[in-house]
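Understanding the architecture of this molecule
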Amino acid sequence: MDYSKVSPRELRHLIRVGEITGPTAGMCAGYAQANLVILPKALAYDFLLFAQRNPKPCPILEVADAGSRELHYMAADCDIAKDFPKYRVYERGELAGEYTDIEALWRDDFVSFIIGCSFSFEADLLAAGIPVRHIEEGRNVPMYVTNIDCRPAGCFAGKMVVSMRPLAGEAIPQAVQITGAMPRVHGAPIHIGDPEAIGIHDINKPDFGDAVTIKPGETPVFWPCGVTPQAVVMQSKPEIVITHAPGHMLVLDVKNLALKY
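Owing to the predicted nature of the structure, the values given are computational and were not obtained by experimental measurement.

1. Some thoughts on the pattern of salt bridges
A pair can form between side chains of opposite charge whenever their charged atoms are brought close. Counting across every chain of the model gives 17 salt bridges. A salt bridge links Asp-124 to Lys-260, with the shortest nitrogen-to-oxygen separation between them at 2.6 Å. Placement of Asp-124 in helix 3 (residues 119–127) and of Lys-260 in the segment after strand 11 (250–255) is noted, with a sequence separation of 136 residues between them. The salt bridge involving Glu-136 is made with Arg-133; its shortest N-O contact spans 2.8 Å. Taken together, the residues span about one helical turn, with Glu-136 and Arg-133 both in helix 4 (residues 133–136) at a distance of 3 residues.

What follows is the structure, encoded as structure tokens:
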């Protein structure tokens, strides 16, 4: 089945019943995708402040009501506890497990943050004739923890995570222009070129996702990534936080065009 052509609602239903459990890159072409952070209400203000201070890796698209598994604006007929293909549960900074459904773990004090995802700008890159290597190779996007400090807030502090797409030199200015027009899904790259300059010592060993081929003459281009909260959670060690598994996103009813300037 060509998941690039199904509707977001249809895709969410397929995920909800367990027919899709893998990464969502390239699915529902033209529609935005989103990252997830769920945490107790007692920590919600601190995380909201953290996201406000770090809008490039953590651009908030919507915050659900406390205890609610529904969204008001970004997706109808959506169940936050079931409509991501895979979730991660962190307890005091340690990964406690991965799940395809977190209904049994749900608490009335949970607050869900829906955060913009760079998968949303990939359709525009492809439309401009700019290849997206992890889609070409059927892999998850490579993601790396950097040496770039996020601005702390409350109990949350840590390093920024970036996603990487290798591009030919002539494609880079256009890619910067295309993605820079979409700040609600991370915007323009934060770094272009030498991975060592941002603390990445082996480009072939991402911290999250899969390694992809970098062809001769291509340059690695790095964007702020919505997996940043997971790196921050591992350092900050709150009681419990639930996130999406990297690359396993919620597909929204909102089109990418609606997230541009």
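Structure shown, so let's carry the discussion forward.
2. Overview of unusual backbone geometry
Of note in this structure, Cys-28 is not a glycine but carries a positive phi near 50 degrees. Along the chain, Cys-28 falls in the loop between helix 1 (8–16) and strand 1 (31–40).

3. Side note on empty space enclosed by the protein
A full pass over the atoms with the stated rule returns 1 cavity of 30 Å³ or more. In this structure, the largest cavity encloses a volume near 50 Å³. Every residue along the wall of the largest cavity is listed here: Asn-35, Cys-117, Ser-118, Phe-119, Val-141, Met-143, Ser-163, His-186, Cys-225, Gly-226 and Met-249. Across the lining of the largest cavity, the residue classes tally to 6 nonpolar, 5 polar and no charged.

4. Description of the pairing of strand 9 (residues 218–224)
For strand 9, the tally of buried residues reaches 6 of 7 residues, placing the bulk of the element in the interior. Of the strand pairs in this sheet, strand 7 (residues 159–168) and strand 9 are connected by 7 bridges, and their pairing is antiparallel. If you follow Ser-163 over to strand 9, its bridge partner there is Trp-223.

5. Looking at helix 6 (residues 228–236)
Quick reminder: α-helices carry 3.6 residues per turn. Residues three or four places apart thus point the same way. Within helix 6, the full set of buried residues consists of Thr-228, Pro-229, Gln-230, Ala-231, Val-232 and Val-233. Phi turns positive one or two residues past the end of helix 6, at Lys-237, with a value near 60 degrees.

6. Remarks on the pairing of strand 7
Buried residues dominate strand 7, accounting for 8 of its 10 residues. Summarising the sheet, strand 6 (residues 143–149) and strand 7 pair through 4 bridges and their orientation is antiparallel. Its bridge partner lying in strand 7, Asp-149 is registered against Lys-159.

7. Focus on the nonpolar core
Nonpolar side chains in soluble globular proteins tend to end up buried together. Membership of the largest hydrophobic core comes to 38 residues, with the highest contact counts inside it found for Ile-38, Leu-71, Ile-114 and Leu-252. Listing elements by their share of this core, those giving two or more residues are strand 1, strand 3 (87–91), strand 5 (110–116), helix 3, helix 5 (172–180), strand 9, strand 10 (240–244) and strand 11. It is strand 1 that contributes the most residues to this core, 4 residues altogether. Dropping the residues within four chain positions of it, Ile-38 is found in contact with Ile-80, Ile-102, Trp-106, Phe-110, Val-111, Ser-112, Val-241 and Ile-242.

8. With respect to the environment of Ser-163
Inspection of the secondary structure puts Ser-163 in strand 7. Residues contacting Ser-163, with those up to four places away along its chain left out, are Ser-118, Val-141, Pro-142, Met-143, Val-221, Phe-222, Trp-223 and Cys-225. In terms of polar contacts, Ser-163 uses its side chain to reach the side chain of Arg-165, at 2.9 Å.

9. Some details on the packing of aromatic side chains
Taken as a whole and assessed by the stated rule, the structure comprises 8 aromatic pairs. Aromatic side chains Phe-121 and Trp-223 sit 5.4 Å apart centroid to centroid with 45 degrees between the ring planes, which places their arrangement in the tilted category. With Phe-121 in helix 3 and Trp-223 in strand 9, the pair connects residues that are 102 residues apart, well separated along the chain. A relative accessible area of 0% means that Trp-223 is categorised as buried. Each member of the aromatic cluster is reached from another via a ring pair, and the members are Phe-47, Phe-50, Phe-113 and Phe-156. Lying across the ring of Trp-223, Arg-165 places its NZ or CZ 5.2 Å from the centre.

10. Remarks on a nonpolar patch on the surface
On the surface, a cluster of nonpolar side chains totalling about 280 Å² of accessible area is made up of Tyr-45, Leu-48 and Val-63. Mapped onto the elements, Leu-48 comes out in helix 2 (residues 41–53).

11. Considerations on the side chain of Glu-218
Mapped onto the elements, Glu-218 comes out in strand 9. Among the polar contacts made by the side chain of Glu-218, one reaches the side chain of Arg-133 at a distance of 2.7 Å. Separated by 2.8 Å, the side chain of Glu-218 and the backbone nitrogen of Lys-215 make a polar contact. Discounting chain neighbours no more than four positions away, the residues touching Glu-218 are Arg-133, Pro-166, Leu-167, Ala-168 and Thr-213.

Calculation criteria
Residues numbered from 1 in each chain as written. Predicted model: local features only at pLDDT ≥ 70, side-chain atom pairs only at ≥ 80, totals over all residues. Heavy atoms only, no water. Salt bridge = Lys/Arg side-chain N within 4 Å of Asp/Glu carboxyl O. Helix = DSSP H or I, 4+ residues; strand = E, 2+ residues; numbered from the N terminus. 1 Å grid on protein atoms, 1.4 Å probe; cavity = no way out; pocket = protein on both sides within 12 Å on 5 of 7 lines; lining within 4 Å. Points joined across faces, edges and corners; volume = space filled by probe spheres on them. Nonpolar A, V, L, I, M, F, W, Y, C, P; charged D, E, K, R; others polar. Buried < 20%, exposed > 50% of the residue type's maximum accessible area, 1.4 Å probe, protein only. Pairing = 2+ DSSP bridges. Core = buried A, V, L, I, M, F, W, Y, C linked by side-chain atoms within 4.5 Å. Contact = heavy atoms within 4.5 Å. Polar contact = N/O pair within 3.5 Å; in protein donor to acceptor, adjacent residues only side chain to side chain. Phe/Tyr/Trp six-rings, centres within 6.5 Å; stacked < 30°, edge-to-face > 60°. Lys NZ or Arg CZ within 6 Å of the ring centre and 35° of its normal. Patch = residues over 30% accessible without salt bridge, like charges linked within 9 Å, V, L, I, M, F, W, Y side chains within 5 Å. Areas by Shrake-Rupley, 256 points an atom, 1.4 Å probe, with all protein chains shown as cover.

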